[in-house]
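# A closer look at the structure
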Amino acid sequence: MKLQKIFLPLIAVALMLGASACKDSKSYAELLNEETKSVNAFLADQNLILDIPEDSVFLYGPDAPYYRLDEDGNVFMQVIDPGSDRRVPDNAQVYFRFTRYNLHEYAATGVLPSGYGNSEDMLSGNASFRFGNYTLTSSSQWGSAIQLPLNFLGYDCEVNLVVKSQLGLSSEISQVIPYLYNLRYFEALSD
């Protein structure tokens, strides 16, 4: 009987704490909705084209439009520099430099936050993938979005890429944070 008097209040407190924690957390659907709003907040300030040019000749430069790269609106690309005419063959090793920016922060402030990545800091290491080969962890860990521009552009291109979490870094999918990436792609010297 004494144990019941001690444990019942403890169980009640634990249930109340658990219930209040559930009220504070958001469902995955709510997180996806917030992600879409953050992406839309960024794209609202951009020129947007919903179709890829039939001839795959993109307008480029710092004022170029963002092109929707997939039907679901998970990836949008702005071509800064189309790079060389030399296309990337399947399974080629591609090195890339990137800076990425959290679009939730942009949506909250209207200002692009400080970015991070390996673009400016050569000590932060190389990043690479095998083009089109998602069976390798070294490729799949980056998500599929960062490879999409190379379906249309050649080596040495530079793009800005809006990426929703589902096609972003595999380790971050559950965080549901959209990012703006600035990416530059380079040919591996040994390939």
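Residues numbered from 1 in each chain as written. Predicted model: local features only at pLDDT ≥ 70, side-chain atom pairs only at ≥ 80, totals over all residues. Heavy atoms only, no water.

### Focus: the overall build of the chain
When you go through the chain residue by residue, the secondary structure sums to four helices and eight strands. For the chain, long-range pairs separated by at least 24 residues make up 61% of all intrachain contacts whose partners lie at least 6 apart in sequence. On the chain, roughly 11,100 Å² of surface is accessible, and the fraction owed to carbon and sulfur atoms is 56%. (Helix = DSSP H or I, 4+ residues; strand = E, 2+ residues; numbered from the N terminus. Contact = heavy atoms within 4.5 Å. Areas by Shrake-Rupley, 256 points an atom, 1.4 Å probe, with all protein chains shown as cover.)

### Here's the deal with the nonpolar core
With 32 residues, the main nonpolar core has F96, L183 and Y185 as its most contacted residues. Those elements that provide at least two residues to this core are β3 (75-81), β4 (93-102), β6 (127-130), β7 (158-163) and β8 (179-187). Leave out the neighbours within four places in its chain, and L183 touches F96, R97, F98, I146, C157, E158, V159 and L161. Formed by nine residues, the second largest nonpolar core is a distinct cluster that contains F42, Y66, Y106 and V162. (Core = buried A, V, L, I, M, F, W, Y, C linked by side-chain atoms within 4.5 Å. Buried < 20%, exposed > 50% of the residue type's maximum accessible area, 1.4 Å probe, protein only.)

### Let's talk about the packing of aromatic side chains
Going through the model one piece at a time under the given rule, you end up with 11 aromatic pairs. Ring geometry for F58 and Y67: centres 4.8 Å apart, planes at 85 degrees, overall edge-to-face. You'll find F58 and Y67 in the same group, each marked buried. Grouping aromatic residues by their ring pairs yields a cluster made of F96, F98, F129, W142, Y179, Y181 and Y185. When the ring centre of Y179 is taken as origin, the NZ or CZ atom of R100, which lies over that ring, is 3.9 Å away. (Phe/Tyr/Trp six-rings, centres within 6.5 Å; stacked < 30°, edge-to-face > 60°. Lys NZ or Arg CZ within 6 Å of the ring centre and 35° of its normal.)

### With respect to the pattern of salt bridges
As enumerated under the stated definition, the model contains three salt bridges in all. Here K26 makes a salt bridge to E34, at a shortest N to O gap of 2.4 Å. Judged by its relative accessible area of 30%, E34 falls in the partly exposed class. In this structure, the salt-bridge partner of E172 is R100, at a minimum N-O distance of 2.7 Å. On the criterion of sequence distance, the pair formed by E172 in the loop between β7 and β8 and R100 in strand β4 is long-range, its members being 72 residues apart. For the residue pair E172 and R100, the accessibility class agrees, reading buried in each case. (Salt bridge = Lys/Arg side-chain N within 4 Å of Asp/Glu carboxyl O.)

### A few points about the environment of A145
Assignment of secondary structure puts A145 in the loop between α4 (137-140) and β7. Spatially, the C-alpha atom of A145 lies 9.6 Å from that of D70, the residues being 75 residues apart in sequence. When sequence neighbours within four positions are dropped, the list of residues in contact with A145 reads V75, L161, V163 and L167.

### Description of a negative patch on the surface
Together, D51, E54, D55, E71 and D72 make up a region of like negative charge exposed at the surface. For D72, the location among the structural elements is in the loop between β2 (66-68) and β3. (Patch = residues over 30% accessible without salt bridge, like charges linked within 9 Å, V, L, I, M, F, W, Y side chains within 5 Å. Lys, Arg positive; Asp, Glu negative; His and termini not counted. Charge placed at Lys NZ, Arg CZ, Asp CG, Glu CD.)

### Considering the pairing of β8
Taken residue by residue, a regular strand's side chains alternate between the two faces of the sheet. Inspection of the sheet shows β4 paired to β8 by nine bridges, in the antiparallel sense. Within β8, the residue paired with Y95 across the bridge is F186. As paired elements, β7 and β8 share six bridges and run antiparallel to each other. Note on β8: the bridge partner recorded for L161 is Y181. (Pairing = 2+ DSSP bridges.)

### Digging into the pairing of β3
Extensive coverage of β3 is indicated by the burial of five of its seven residues. In the sheet, β2 pairs with β3 via two bridges, with the strands oriented antiparallel. By the bridge assignment for β3, Y67 is matched with M77. Hairpin connection of β2 to β3: six residues between the antiparallel strands, including G73 at a positive phi of 70 degrees.

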